[in-house]
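# Examining the three-dimensional arrangement
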Amino acid sequence: MCSVTLGRICTFLLFACFLNDGRCERAFRFCGVRKHSNETQKLQLNVTRGCSDLSISSNADTLFIGGELTISCVNTSSISLPQGSGLETSFCVYWDGFLDLLRLEYNTTRNFTLCGPSTPQTTCCTDLSLNNNSGSKDVGIFKGSVRGDIIEENAQEFYIFRGESNRCDVAVCKDLLNTSNGQTAMKSGRGDELERLLMQSKFTRDMQDFELPCGIQAAVFKLGPDFKGNTVVRREGRFPGINKPPSVYIPPTLLGNKTRARKTPKIICLFHNNNSLFQDKNSVILNGDVVGVTVENEVIADLVEPVIFTFFHKKQPENMTRTCVFWDGLPHEGKMFWNESGCKTLKSDTQTACHCDHLTYFAVLLQISNKPVHNLEAQTNITYIGCGISALCCVLTIGLFLCQRKCTSDKSSLIHMNLAVALLLLNVSFLLNMTLASLCNEGVCLLLALMLHYSLLCSFTWMGIEAYNVYRLLCQVFRTYTSLYMLKLCLVGFVLPAAFVCGFASRGAYGLYRITSSTGTETTMCWILHPLVHYIANVGYFVVIFLFGISMLVVTVVRIRHTEKHKCTPERSSWKLVSSVLMLTCLFGTTWGLNFFSFTFTGQLLSTILNSLQGFCLCVRYFLMRPKQGTSGSRLSKFWLGSLRNTSSSNAAESKSLNS
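Quick caveat: nothing in here was measured; it's all calculated off a predicted structure. (Residues numbered from 1 in each chain as written. Predicted model: local features only at pLDDT ≥ 70, side-chain atom pairs only at ≥ 80, totals over all residues. Heavy atoms only, no water.)

### Remarks on the state of the cysteines
Counted by the stated rule, this structure contains eight disulfides. Disulfide pairing is shown between Cys31 and Cys92; the S-S distance is 2.0 Å. Disulfide Cys31 to Cys92: torsion about the S-S bond roughly 110 degrees, handedness right-handed. Here Cys31, found in strand E1 (residues 27–35), pairs with Cys92, found in strand E6 (residues 88–96); they are 61 residues apart in sequence, far enough to count as distant. The two residues Cys31 and Cys92 agree in class, both being buried. At a sulfur-sulfur separation of 2.2 Å, the disulfide partner of Cys445 is Cys526. The sign of the -120 degrees torsion about the S-S bond sets the Cys445-Cys526 disulfide as left-handed. You can see Cys445 sitting in helix H5 (residues 442–474) and its partner Cys526 sitting in strand E28 (residues 522–528), a full 81 residues away along the chain. Overall, the relative accessible area of 0% leaves Cys526 in the buried class. Distance from the sulfur of Cys619, which forms no disulfide, to the nearest cysteine sulfur (Cys393) is 4.5 Å. Since its relative accessible area comes to 5%, Cys619 is described here as buried. (Disulfide = S-S within 2.5 Å. Helix = DSSP H or I, 4+ residues; strand = E, 2+ residues; numbered from the N terminus. Buried < 20%, exposed > 50% of the residue type's maximum accessible area, 1.4 Å probe, protein only.)

Below is the structure:
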């Protein structure tokens with residue numbers, strides 16, 4: 001969209017168009033092959049104003065084009081045609097009533113503009129349909145076709161097409177847009193069609209305005225050698241609103257050092273007031289306003305002085321994030337989407353300004369988000385430090401476990417170490433994500449988002465496995481042997497999350513995600529883009545893990561209080577209870593429940609600190625509970641296990657392994 005290549009303005013009809021007497025739409029193209037003599041060839045025109053018919057005929061030495069067709073053009077001239085190499089010459093006649101434009105392409109090498117182009121027309125002669133044709137034996141037009149569909153293979157002396165006077169602007173809207181089930185969208189491959197039409201048009205004033213009935217308004221002006229900059233404001237027109245209309249500032253340095261000696265290029269500013277034309281199901285366009293800027297035959301990028309798009313609006317709720325974006329995509333794959341690169345967003349209560357270093361369609365997206373993060377920079381730094389410490393502690397814990405594996409070979413210790421591995425992956429993925437997300441590389445960002453989501457789901461799963469292991473040790477009086485128990489747990493803990501993440505990736509759920517602070521600053525990370533995926537896969541899944549972990553925490557506390565109420569002093573019993581809760585909280589990840597209170601600054605801060613330090617807490621727990629060589633456990637381990645040995649004889653042996 002940043003550049004415009006002027007070419008054929010006609011569009012193509014479906015074959016069904018000519019199953020009904022050749023009825024056509026706004027743009028018209030007739031092609032055929034002339035059979036003529038070897039004498040000098042000429043074109044005879046007789047085009048006048050009106051809307052009646054278009055006739056095309058041919059004899060041995062003359063091609064005739066005439067009829068009442070145009071709004072303002074009259075042409076009765078005679079033009080010499082280039083001589084071909086034989087007695088057959090292909091040609092095409094183009095007519096676009098929107099621009100009052102009539103053209104002839106002859107022998108694929110010469111183009112003749114017979115009428116126009118003019119300023120865009122509101123009413124014109126269109127809907128040309130075949131009315132009559134006559135056969136010929138020796139000379140004439142054979143292989144006659146309209147918009148690629150053959151009308152008659154045999155030679156014809158003439159073709160006559162009848163026209164009707166209709167609304168051209170409505171026809172242009174139908175040509176550009178597709179309406180289905182009450183929804184309007186830009187037709188595939190038609191995004192820059194209107195710019196091409198306007199680039200060909202002729203304007204009589206320094207700035208010409210034009211408005212289409214489908215919510216599109218255009219302002220066209222020329223970029224002269226003394227251009228000092230210009231601010232273009234959308235006129236109220238037929239779509240007045242309660243807010244001031246958007247505007248765009250074109251800087252004087254738009255073309256940089258590029259020469260303007262050849263001609264003065266046109267600039268087109270398009271104001272769209274129909275946000276369904278640019279469909280993106282993940283976002284909402286503020287006020288439905290989209291502004292596009294195009295420069296004739298120029299690619300504009302990396303501007304020294306930005307183009308400024310200004311959008312006016314009512315004060316927005318705090319949970320709404322405003323972001324300046326441009327309409328981008330992969331045309332060869334048919335994918336279009338909103339992109340944020342190259343634009344800076346400046347916000348006030350009732351105004352948003354987009355400073356952009358390139359040209360295309362721009363808008364302000366309004367996204368529902370969580371309440372802005374308080375002290376985003378401080379919390380980001382805390383997270384960096386906490387994740388770094390946790391990652392190192394997880395490495396230390398795993399290393400010590402591997403060194404002392406002969407002393408700690410029970411299943412509970414293996415479960416603890418798998419949780420440590422999952423937390424290590426989570427912390428490393430998060431640190432890499434925050435560091436590399438700014439590269440804006442789509443492939444790298446997808447990989448980072450996959451790693452982060454996978455490690456998070458693995459961590460949640462192993463927290464749930466920890467709670468399940470406590471259930472087996474404390475609640476199952478009669479336990480049965482489970483073959484390949486650890487292998488099955490590893491499949492659940494590491495393979496199942498991978499399957500979910502691959503499924504989400506195939507749906508395009510990952511990408512660059514923005515986090516907004518309460519002061520308006522932003523940071524980026526590679527994460528889940530679809531809120532529904534986040535609420536189901538993360539929030540919903542964690543709620544199940546959290547409730548199970550809390551229930552097992554309550555069961556453990558009740559057991560300890562029941563067994564210790566007659567053995568210990570109240571002070572000693574309280575200390576034992578507190579130590580038990582802290583140890584199991586680390587395993588079950590119940591501190592992640594603080595995220596449910598992240599709507600307050602205190603909740604955000606506590607959640608950031610405790611969750612980022614979970615690996616550190618796991619390491620501290622391992623040092624306190626790890627067995628020493630030649631002993632059956634640490635002093636604290638024995639002290640805490642004593643309260644569980646009296647619950648039942650069947651639980652005593654495995655209770656020791658629970659706290660290894």
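Moving on from the model shown.
### Brief notes about the sheet that holds strand E24 (residues 343–347)
Read across the open sheet, the five strands follow the order E17-E18-E21-E25-E24; overall the sheet is antiparallel. The strands lining the two open edges of the sheet, one partner per strand, are strand E17 (230–233) and E24. Adjacent strand axes in the sheet meet at a mean angle of 15 degrees when their direction is disregarded. With four bridges joining them, E17 and strand E18 (residues 247–250) adopt antiparallel strand pairing. Bridging across to E18, Val233 finds its partner in Ser247. (Pairing = 2+ DSSP bridges. Axes fitted to C-alpha atoms, helices over the stretch in contact; angles between N-to-C directions.)

### Some details on the pattern of salt bridges
Side-chain pairs of opposite charge can arise where the charged atoms are in close proximity. For the structure shown, the criterion picks out four salt bridges. Among the ionic pairs, Arg162 bridges to Asp53, the shortest N-O distance being 3.4 Å. A residue pair is termed long-range when its members are at least 10 positions apart, and Arg162 in strand E12 (residues 156–167) and Asp53 in strand E3 (residues 53–58) qualify at 109 residues. Arg167 is the salt-bridge partner of Asp169, the closest N and O atoms lying 2.7 Å from each other. Given the relative accessible area of 1%, Asp169 is considered buried. (Salt bridge = Lys/Arg side-chain N within 4 Å of Asp/Glu carboxyl O.)

### Focus: the packing of helix H4 (residues 411–436) against helix H6 (residues 485–506)
Two numbers describe how H4 lies on H6: the axes approach to 11 Å, and their chain directions differ by 20 degrees. Taken together, H4 and H6 sit at an angle that is classed as roughly parallel. Crossing angle aside, the handedness with which H4 passes H6 is right-handed. Mapping the contact onto sequence places Lys411, Leu414, Ile415, Asn418 and Val421 in H4 and Tyr485, Met486, Leu489, Cys490 and Phe494 in H6. (Parallel < 35°, antiparallel > 145°, perpendicular 65-115°, else oblique. Left-handed = near helix turned anticlockwise from the far one by under 90°. Contact = heavy atoms within 4.5 Å.)

### Here we look at a nonpolar patch on the surface
A cluster of nonpolar side chains, Val428, Leu432, Leu436, Leu439, Val444, Leu447 and Met451, forms an exposed patch at the surface whose accessible area comes to about 530 Å². Locating Val428 in the fold gives a position in helix H4. (Patch = residues over 30% accessible without salt bridge, like charges linked within 9 Å, V, L, I, M, F, W, Y side chains within 5 Å. Areas by Shrake-Rupley, 256 points an atom, 1.4 Å probe, with all protein chains shown as cover.)

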